[in-house]
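Descriptive analysis of the structure
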Amino acid sequence: VIGENRSFTIISFPLPEIAEDAKTYGEIFDETIRLNTLDYRLYQTIQGKIIDALNVCDHVIVKGRGKNRTDLTVALYQPADPDKEDIFENCVADVNIPVGEVFTTPVLEGTNGLLHVTGVYLDGLYYKDLAISFEDGCTKDYACANFAGEENAEEKGRAYIEENILFHHKFLPM
């Protein structure tokens, strides 16, 4: 692959330990290949329709489901000429495999709420029930349940986040 024809590529191939036998591993591997070679043009069209719908919005509400408590209002940039400007990028499988993504940059003022994940690894560190509150697009409060049951659990959780996510900043923008 010619380097200037790509930006980055990350594909996680399954390890043999994921399966009980070679046949099952082969099936899992084949499905991984199938997912990573889906027809991006179909998704480009679908994602284009998502962008068309979102381009007329002034905000997006993101809500968690099940145990996820996420409840965020994300303010969106308002283009000067909506007929000629999109506020979302339709990034298809030329960059993101298997089918790309739709993304934008939020307007900080008016972006408020809670981002919550029940469990996540960030830079190799695990966070249980990570919750970050935002006010006008900047971190306002944060917590995790990594130290539940220990003395000073809440303070330890905050210190863990401050050190490993906020890198000792008082706040960070979304």
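Reading guide: rules and limits
Residues numbered from 1 in each chain as written. Predicted model: local features only at pLDDT ≥ 70, side-chain atom pairs only at ≥ 80, totals over all residues. Heavy atoms only, no water. Helix = DSSP H or I, 4+ residues; strand = E, 2+ residues; numbered from the N terminus. Expected span 1.5 Å × (residues − 1). Polar contact = N/O pair within 3.5 Å; in protein donor to acceptor, adjacent residues only side chain to side chain. Salt bridge = Lys/Arg side-chain N within 4 Å of Asp/Glu carboxyl O. Pairing = 2+ DSSP bridges. Axes fitted to C-alpha atoms, helices over the stretch in contact; angles between N-to-C directions. Contact = heavy atoms within 4.5 Å. Core = buried A, V, L, I, M, F, W, Y, C linked by side-chain atoms within 4.5 Å. Buried < 20%, exposed > 50% of the residue type's maximum accessible area, 1.4 Å probe, protein only.

With that out of the way, let us pick up helix α1 (residues 22-35). Counted at 1.5 Å a residue, the expected span for α1 with its 14 residues is 20 Å, and the 20 Å between its end C-alpha atoms agrees. Put simply, Asp21 is the residue that caps the front of α1, since its side-chain oxygen is 3.2 Å from the backbone nitrogen of Lys23.

With that out of the way, let us pick up the side chain of Asn55. Structurally, Asn55 is set in the loop between α2 (40-54) and β1 (59-63). Only 3.0 Å separates the side chain of Asn55 from the backbone nitrogen of Ile87, close enough to count as a polar contact.

All right, on to the pattern of salt bridges then. Overall, the coordinates contain 7 salt bridges when judged by the stated rule. Of the charged contacts, one joins Glu135 and Lys140 as a salt bridge, the two residues approaching to 3.0 Å between their closest N and O atoms.

Pairing is antiparallel across the open sheet formed by 5 strands, whose spatial order is β1-β2-β5-β6-β7. The open sheet has two edge strands with one neighbour each: β1 and β7 (138-143). On average, each strand axis in the sheet is tilted by 30° relative to the strand beside it, whichever way the strands run. Direction of pairing for strand β6 (residues 125-135) relative to β7: antiparallel, over a ladder of 5 bridges. Considered in β7, the bridge of Ala131 is made with Ala143. Running at roughly 85° to β6, helix α3 (residues 153-164) makes contact with β6 and β7 of the sheet.

Nonpolar side chains tend to gather and get buried jointly when the protein is soluble and globular. In terms of nonpolar packing, the biggest core is built from 13 residues, with Tyr127, Leu130 and Ile161 touching the most fellow members. Those elements giving two or more residues to this core turn out to be β2 (71-75), β6 and α3. Counting residues per element, this core draws most heavily on β6, which supplies 4 residues. Apart from the residues within four sequence positions on either side, Leu130 is in contact with Leu115, His116, Val117, Val120, Leu122, Ala143, Cys144, Ile161 and Ile165. Membership of the second largest hydrophobic core comes to 5 residues, among which are Leu54, Leu76, Ile87 and Phe88.

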